[in-house]
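The chain contents come next:
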Amino acid sequence: MLWEPIRLAVQAIFRNALRSFLTILGVVIGVAAVIAMVTVGQGSKDQVTQDVAKLGTNLLVVRPGQPQQGPGSSGGTSAAFDMRDVEAIQTQVPGVRAAAPANTRTMTAILGSRNHTTSVIGTDSRYLETRDMPVVQGRPFYESELRSGSAVCLLGQTIVRELFNGGDPLGQDIRLKTISCRVIGVMEEQGVSSFGTDQDDFVLIPIKTFQRRVAGNSDIVLIYVAVQSGVSTESAKANIESLMRERRRISPTEEDDFNVFDMKQIASVLTGITGVLTGLLSAVAAVSLLVGGIGIMNIMLVSVTERTREIGIRLAVGAQEGQVMLQFLVEAIVLSLFGGLIGILLGLALAAVGANLLRVPFSPDPLIILMAFGFSAAVGVVFGYFPARRAARMNPIDALRHQ
Amino acid sequence: MSPEPALIQLSGISRVYGSGDAEVRALDGVDMEIAAGEFVAIMGPSGSGKSTAMNILGCLDAPTQGAYQFMGVEVGGLSRDQRALIRRNYIGFVFQGYNLLARTSALDNVELPLIYKGIARAERRALALDALAKVGLQDRAHHDPSELSGGQQQRVAIARAIVGQPAVIMADEPTGNLDTARSREIMELLTAFNVEDGMTIVMVTHEPDMAEYAHRLIHFIDGRIASDGDPKQVN
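Worth saying up front: this structure is predicted, and the values here are computed from it rather than measured. (Residues numbered from 1 in each chain as written. Chains lettered and ligands numbered in written order. Predicted model: local features only at pLDDT ≥ 70, side-chain atom pairs only at ≥ 80, totals over all residues. Heavy atoms only, no water.)

Caption draft 1: Fine view of the pairing of strand 1 (residues 8–17) of chain B. Residue and element names in this part refer to chain B. Relative to strand 4 (residues 65–70), strand 1 runs antiparallel, the two being bridged by 5 bridges. Across the sheet, residue Ser14 finds its bridge partner in strand 4, namely Gln65. Sheet topology places strand 1 next to strand 2 (residues 24–34); 7 bridges connect them, and they run antiparallel. In the sheet register, Leu10 faces strand 2, and the bridge partner there is Met32. Taken together, strand 1 and the strand that follows it, strand 2, pair antiparallel across an intervening segment of 6 residues, in which Gly18 is found at a positive phi of about 70°. (Pairing = 2+ DSSP bridges. Helix = DSSP H or I, 4+ residues; strand = E, 2+ residues; numbered from the N terminus.)

Caption draft 2: Up close: the sheet that holds strand 4 of chain B. Residue and element names in this part refer to chain B. Spatially, 2-1-4-5 is the arrangement adopted by the 4 strands of the open sheet, whose pairing is antiparallel. If you trace the sheet from one side to the other, it starts and ends with strand 2 and strand 5 (73–74), each paired once. Examined bridge by bridge, strand 4 and strand 5 share 2 bridges and lie antiparallel to one another. Bridge pairing in strand 5 places Gln69 opposite Glu74. Lying on the sheet, helix 1 (residues 50–57) is in contact with strand 1, strand 2 and strand 4; it crosses strand 1 at an angle near 120°. (Contact = heavy atoms within 4.5 Å. Axes fitted to C-alpha atoms, helices over the stretch in contact; angles between N-to-C directions.)

Caption draft 3: Molecular detail of the domain arrangement of chain A. Each assigned domain of chain A is listed with its residue range as follows: domain 1 (3–52 + 269–401) and domain 2 (80–256). Here domain 1 of chain A and domain 2 of chain A have C-alpha centroids that lie 56 Å from each other. (Domains from an automatic or database assignment.)

Caption draft 4: How the structure looks around the pairing of strand 9 (residues 216–221) of chain B. Residue and element names in this part refer to chain B. The pairing of strand 3 (residues 39–43) with strand 9 spans 4 bridges and is classified as parallel. Among the inter-strand pairings, Val40 is bridged to a residue of strand 9, identified as Arg216. Judged from the 5 bridges that link them, strand 9 and strand 10 (residues 224–229) form a sheet pairing that is antiparallel. From the neighbouring strand, Ile218 faces strand 10, where its bridge partner is Asp228. Hairpin connection, strand 9 to strand 10: the antiparallel pair is bridged by 2 residues, and Asp222 has positive phi, about 50°.

Caption draft 5: Local environment of the interface of chain A and chain B. Counting residues at the interface gives 28 residues for chain A and 25 residues for chain B. Between chain A and chain B, roughly 2300 Å² of surface is buried when both sides are summed, and carbon and sulfur atoms account for 48% of that area. Looking at the side of chain A facing chain B, the largest losses of area belong to Arg15(A), Ile313(A) and Val317(A), adding up to 24% of the total buried there. At the junction of chain A and chain B, the tally comes to 2 salt bridges. (Buried area = accessible area lost by both parts, 1.4 Å probe. Salt bridge = Lys/Arg side-chain N within 4 Å of Asp/Glu carboxyl O.)

What follows is the structure, encoded as structure tokens:
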């Protein structure tokens, strides 16, 4: 017969409304803080992992210039590549899925009275393959357009929005500096990366068009290489390095005058950073849990005198030790469960709001929920139950006189 | 002497607190017999052992030495839980400080002993209301102790003491916190339960006026019984 103790416990909870509220508050704060923070942290981590996957974990970036520099560093004075290097990588390095040139320049795209500054990337059809970026409207470049260097372009979604106001851009001409470009296709939306970069803000034109009409030379300053899945980027990187050393006639005593950057390195750096952030958030959450726990502890200990007298009264009218302890245990459990439930709901709600604001996925972790709840409940039960147990073992007379 | 055992029988009861130099002998070889239906007052200066005696009689405390038979059962050999059963079924308590549960209605306070007797809720309610009616507080059933006067609180405590129809009421200075008029009300209630319901009453008091309601007065001095007789003659 556990129904009666539960009914009595609920009665006692309402009788000591303030004490119960403060106890529940402690559990709620602890549980909600941990769930909210860890969930948002986990969401950010997932977001970064997704972004990195979008960036391509099997992607290598080949640039002229000394190694040990990131993919954003300039080529320096080292000689640029040319299309033959791209073809060599494509055909001679085992495990390469696609190698594409990607010369980039910031330019203003103009349509009528509208203009928008964007990245113009000179490349070829294999670029779409290296970046896993399909054409959703229109078509990719034709071989003939690539060969002849036609003035055609593929647009990122941001350009469609900025210049065409979301209208149909196919067949229209936009102007890039002096070049008038026919829009032949629109790329799939990539979204904003977790670092706020708009990944849809670009215009793709054939590499030959870029070389002739934008750069004025036949250099290639950046090559994207997508490695086949199942092939290690490390071995592909080594093969590219030896091929390029050979092609650029670098003697064994000289250092590379180009570098091959593995995007996986970025991935590991980014994951590392978010890992640290998640760690920090978790630490803050742990402090909240502790504060909540101390709150529970305080309120339980402060009320010991009153509870001791109450236990004395109950013992005097004939309660047995076990009955008193059962009642207080049930009371502590009911309180903790109640607080825990509110805390879980509040925590999940906060996490959902936070995830929405930060535009990260909402991915609650049942283990964390369970841990936070378990800790707070344990504090509530331990500090509710043990003083009661001590009191229940006292002489009823001493319990009644407890000051 | 009736063939039935006395309700309460103490022989050679001692209660010692502390040990060594700090040893205090609160009761020192007390013999006492109380029959069912008696109204006994216990008096004595502070430190005379009268409250200790009351706690032992009420099975709240256990004697260090001696034999205590309650309704023929030796209490000395009982466990804490067994003594709780005796309190639950045969003893009602009234304390000087009322000892009601705070923020709990008079009705719930009176119901408290019945919960541990395992009586169903509806019946508890009825019995508690009945007990409150007997002390004249049926219209205060849903008031908290903080909304009641001292005399009313003590009447709630008396209702709690008698609700389970105990064999004996142990009253420890029940009028200690009350003025004379309130005190007389309490004493008249106790007298009524003694006369009409046949409940045995053992009351510790330091007021001779209140002791006169009893039929028998036991005087304690230094942990021993100094006198035992008719209150009117002793005073």
